[in-house]
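Now for the letters of each chain:
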Amino acid sequence: MNRVVLVGGGHSHIEVVRRFGAHPVPNTGITLVDTARFATYTGMLPGLIAGHYDFHDCRIDLASLAHRANARFVQASACAIDTTQRQLALSDGTSLDYDLISLDVGSVPSTAGVAGAADYAIAVKPFSGFVQQWDKLVEGARSGQLRNVVVVGGGAAGVELVLAMQYRLTPLATTRFALMSDAHALLPDHNPGTRAALEHLLSQRGIEVHLNSRIERVEPSAVVTSNATRIATDATIWATGAGAPTWLTNTGLTLDARGFVAVDEHLQSTSHGGVFAAGDCATIQGHAYPKSGVYAVRQGPPLAENLRNALSGKPLAKYRPQRLALALISGGNKYAVASYGRYKLEGAWVWRWKNYIDRNFVARYNLKT
Ligand SMILES: Cc1cc2nc3c(=O)[nH]c(=O)nc-3n(C[C@H](O)[C@H](O)[C@H](O)COP(=O)(O)OP(=O)(O)OC[C@H]3O[C@@H](n4cnc5c(N)ncnc54)[C@H](O)[C@@H]3O)c2cc1C
């Protein structure tokens, strides 16, 4: 019996599980390991914060997905890999033996080097923890205790979140919102039209934007920037760019300069055969592309194919990330901006389009058939 261990129920692995369920490989046992039973689909997270969805709408039940695919689901946190013994260590002290292993454990907003951030900021990942904290913030707003909210991170995640929060909390309380970025412009990965559209929404909704403002320190009731500006806060939300999960250093795998697993165009570790990685936690050497869900989703099918090829001794197939990806960035109020290369479109219809795509994505992995 070949033992395939899939670590993390991220966007690539859910497709691997689905495909192995639809077309099983003889003599192969699949185990999916995730810290949580439910994976939150990030595309819908801003809609959840804004109040357009509830948690059930946005979550994928990993245990049921595995069950339908005749795979085993283990709810545990991976903390190390022994590639010589072919063992995955779990933080509860147990371990899993494998013949092939694949990692899709995502990324974490990096708080490294920012004093107080780990103690006083609320990280947007893991999403389940963030959603629980958000419910408390909504209560805080209702009781008049949440007057100042700071969101750190000027990428799509930070912009979407601050707009969603403002939309949800404004009817409940008078809350001041500030969006902080260390870059000279918001959404640096997007075209000028998209930037202008979202800057317009932020200004229309009274959200302060602080550019060139690297956060140096987070305190319980203030953030302090490197140019010594102090901004009052009752809740600091950390939504900065993707950082590598620190436990990857306990795997012996070759990592890139930012600590992500270095993989080749087969999505296989550049240092260890039989070890694959996809999604945010992996970087395909020789290609420049952002850490985003779109790329993690696209890597699901080639990863499934290569795990299958590796099991049957066939040559591995090549995968090259696409050069451009469509981003649908929501404005909180059922309005969204579509960004693709140099092009921008916006409107309520873009939000409805996004809603359709997102709901279908989640349904695909929760369906009983
Ligand atoms: C607010 C927000 C909105 C976003 N919106 C979009 C969007 O609209 N479009 C887009 O393309 N991208 C979006 N992104 C980016 C997107 O979330 C990520 O790029 C995407 O989730 C990466 O997918 P993944 O499969 O690599 O990992 P994830 O989806 O993060 O999944 C990783 C899984 O691994 C599990 N895990 C983590 N550590 C361990 C461990 N040690 N042991 C076991 N399991 C573990 C986690 O529980 C999780 O289920 C958004 C990000 C944020 C923060």
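Along each chain, residue indices are assigned from 1 in the same order as the chain's sequence is written. For this predicted model, a pLDDT threshold of at least 70 governs which residues receive local features, and a threshold of 80 or more governs which side-chain atom pairs are given and counted, while totals over whole chains, interfaces and linings are taken from all residues. The basis for every side-chain value is the complete set of non-hydrogen atoms in the structure, without hydrogens or water.

1. Things to note about the packing of aromatic side chains
- Pairing of aromatic side chains requires ring centres within 6.5 Å, counting the rings of Phe and Tyr and the six-membered ring of Trp. Pairs whose planes differ by under 30 degrees are stacked, by over 60 edge-to-face, and all others tilted. Counted under the stated rule, the structure contains five aromatic pairs.
- Residues tyrosine 41 and phenylalanine 361 carry aromatic rings whose centres are separated by 4.5 Å and whose planes lie at 25° to one another, so their mutual orientation is stacked. Of the two residues, tyrosine 41 sits in the loop between strand 3 (38-40) and helix 2 (45-50) while phenylalanine 361 sits in helix 10 (residues 348-366), which places them 320 residues apart along the sequence.
- Its relative accessible area of 12% is what places tyrosine 41 among the buried residues. Only DSSP runs of H or I covering at least 4 residues are called helices, and only runs of E covering at least 2 are called strands; the numbering of each starts at the N terminus. Buried, partly exposed and exposed residues are distinguished by accessible area as a fraction of the type maximum, computed with a 1.4 Å probe on protein chains only: under 20%, between the cut-offs, and over 50%, respectively.

2. Brief notes about the site of the ligand
- Around the ligand sit 31 residues, and of these His11, Asp34, Asp104, Asp280 and Val294 come closest.
- Counting of polar contacts relies on pairs of N or O atoms within 3.5 Å, with two restrictions inside protein: one atom must be capable of donating a hydrogen and the other of accepting it, and residues adjacent in sequence are counted only when both atoms are side-chain atoms. Within the side chain of tryptophan 247, an N or O atom sits 3.2 Å from a nitrogen atom of the ligand.
- Serine 292 places a polar side-chain atom, nitrogen or oxygen, 3.4 Å from an oxygen atom of the ligand.
- In the complex, the protein chains occlude 84% of the 1,000 Å² of accessible area that the ligand would expose alone.
- Broken down by secondary-structure element, the contributors of at least two residues to the shell around the ligand are strand 2 (28-34), helix 7 (156-169) and helix 9 (293-312). Whether a residue is near a molecule or strand depends on its heavy atoms: if one lies within 4 Å, it is near. Residue exposure ignores everything except the shown protein chains as possible cover, and the areas themselves are Shrake-Rupley values with a 1.4 Å probe.

3. Comments concerning the environment of glutamine 204
- For glutamine 204, the position within the fold is in helix 8 (residues 192-204).
- Between the C-alpha atoms of glutamine 204 and valine 162, which are 42 residues apart in sequence, the distance is 13 Å.

4. Here we look at empty space enclosed by the protein
- Buried and open spaces are told apart on a 1 Å grid over the protein atoms alone, a cavity being a set of points where a 1.4 Å probe fits but cannot get out and a pocket being an open set with protein on both sides within 12 Å along at least five of seven lines. Residues with an atom within 4 Å of a point are the lining residues. Grid points are joined across faces, edges and corners, and a volume is the space filled by probe spheres set on the points. For the coordinates displayed, the defined rule picks out one cavity of 30 Å³ or more.
- Within this model, the largest cavity holds a volume of roughly 40 Å³.
- What lines the largest cavity is Gly43, Met44, Pro46, Gly47, Tyr53, Ser330, Trp351, Lys354 and Asp358.
- Breaking the lining of the largest cavity down by element, the ones donating at least two residues are helix 2 and helix 10.
- At three residues, helix 10 tops the list of elements feeding residues into the lining of the largest cavity.

5. Brief notes about a nonpolar patch on the surface
- On the surface, Leu324, Leu326, Tyr340, Tyr343, Leu345, Trp349, Trp353, Tyr356 and Ile357 cluster together into a nonpolar patch covering about 890 Å² of accessible area.
- Elements represented by at least two residues in the nonpolar patch include exactly strand 25 (343-347) and helix 10.
- Along the chain, the position of tryptophan 349 falls in helix 10.
- Exposure remark for tryptophan 349: the relative accessible area of 41% places this residue in the partly exposed category. To count toward a patch, a residue needs a relative accessible area above 30% and no salt bridge. Like charges then connect within 9 Å, nonpolar side chains (Val, Leu, Ile, Met, Phe, Trp, Tyr) within 5 Å. Here, a salt bridge means any side-chain nitrogen of Lys or Arg that lies within 4 Å of a carboxyl oxygen of Asp or Glu.

6. Observations concerning the sheet that holds strand 13 (residues 176-180)
- Here a strand pair is declared whenever DSSP counts at least two bridges between the two strands. One open sheet holds the five strands; their spatial order is 11-18-12-13-14, and the pairing between them is parallel. Two strands in the sheet have a free side with no partner beyond their single neighbour: strand 11 (121-123) and strand 14 (208-210). Across this sheet, the average inter-strand angle for adjacent strands is 25°, counted without regard to direction.
- Bridging between strand 13 and strand 14 involves three bridges; their strand directions are parallel. The partner of alanine 178 across the bridge, within strand 14, is glutamate 208.
- Lying over the sheet, helix 6 (residues 127-142) contacts strand 11 and strand 18 (235-238), oriented at roughly 135° with respect to strand 11. Only the stretch in contact is used when fitting a helix axis, every axis being a line fitted to C-alpha atoms; angles between N-to-C directions are given from 0 to 180 degrees. Contacts were defined at the residue level, with two residues in contact if any of their heavy atoms lie within 4.5 Å.

7. Details of unusual backbone geometry
- For the peptide bond that leads from lysine 125 to proline 126, omega is 0°, which places it in the cis range.
- The residue proline 126 is located in the loop between strand 11 and helix 6 in this model.
- Here the phi dihedral of leucine 187 falls at roughly 45°; this positive angle occurs in a residue that is not glycine.
- Take leucine 187: it is sitting in the loop between strand 13 and helix 8.
- Unusually for a residue other than glycine, alanine 228 sits at a positive phi of about 70°.
- Assignment of secondary structure puts alanine 228 in the loop between strand 16 (222-225) and strand 17 (230-232).

8. Here's the deal with the packing of helix 1 (residues 11-22) against helix 9
- Close contact between helix 1 and helix 9 brings their axes to 7 Å; oriented N to C, the two are set at 45°. When the axis of helix 1 is compared with that of helix 9, the two are oblique. The interaxial crossing formed by helix 1 with helix 9 has right-handed handedness. Touching His11, Ser12, His13, Glu15, Val16, Arg19 and Phe20 of helix 1 are Gly293, Ala296, Val297, Gln299, Gly300, Pro301, Leu303, Ala304, Leu307, Arg308 and Leu311, all from helix 9.
- Lys, Arg, Asp and Glu make up the charged group, whereas Ala, Val, Leu, Ile, Met, Phe, Trp, Tyr, Cys and Pro make up the nonpolar group; the residues left over, Gly among them, are polar. Of the residues that constitute the contact of helix 1 with helix 9, the class distribution is nine nonpolar, six polar and three charged. Here is the rule for angles: anything less than 35 degrees is roughly parallel, anything more than 145 is roughly antiparallel, 65 through 115 is roughly perpendicular, and the remaining ranges are oblique. Left-handed describes a crossing whose near helix is turned anticlockwise from the far helix through less than a right angle; right-handed describes the clockwise counterpart.

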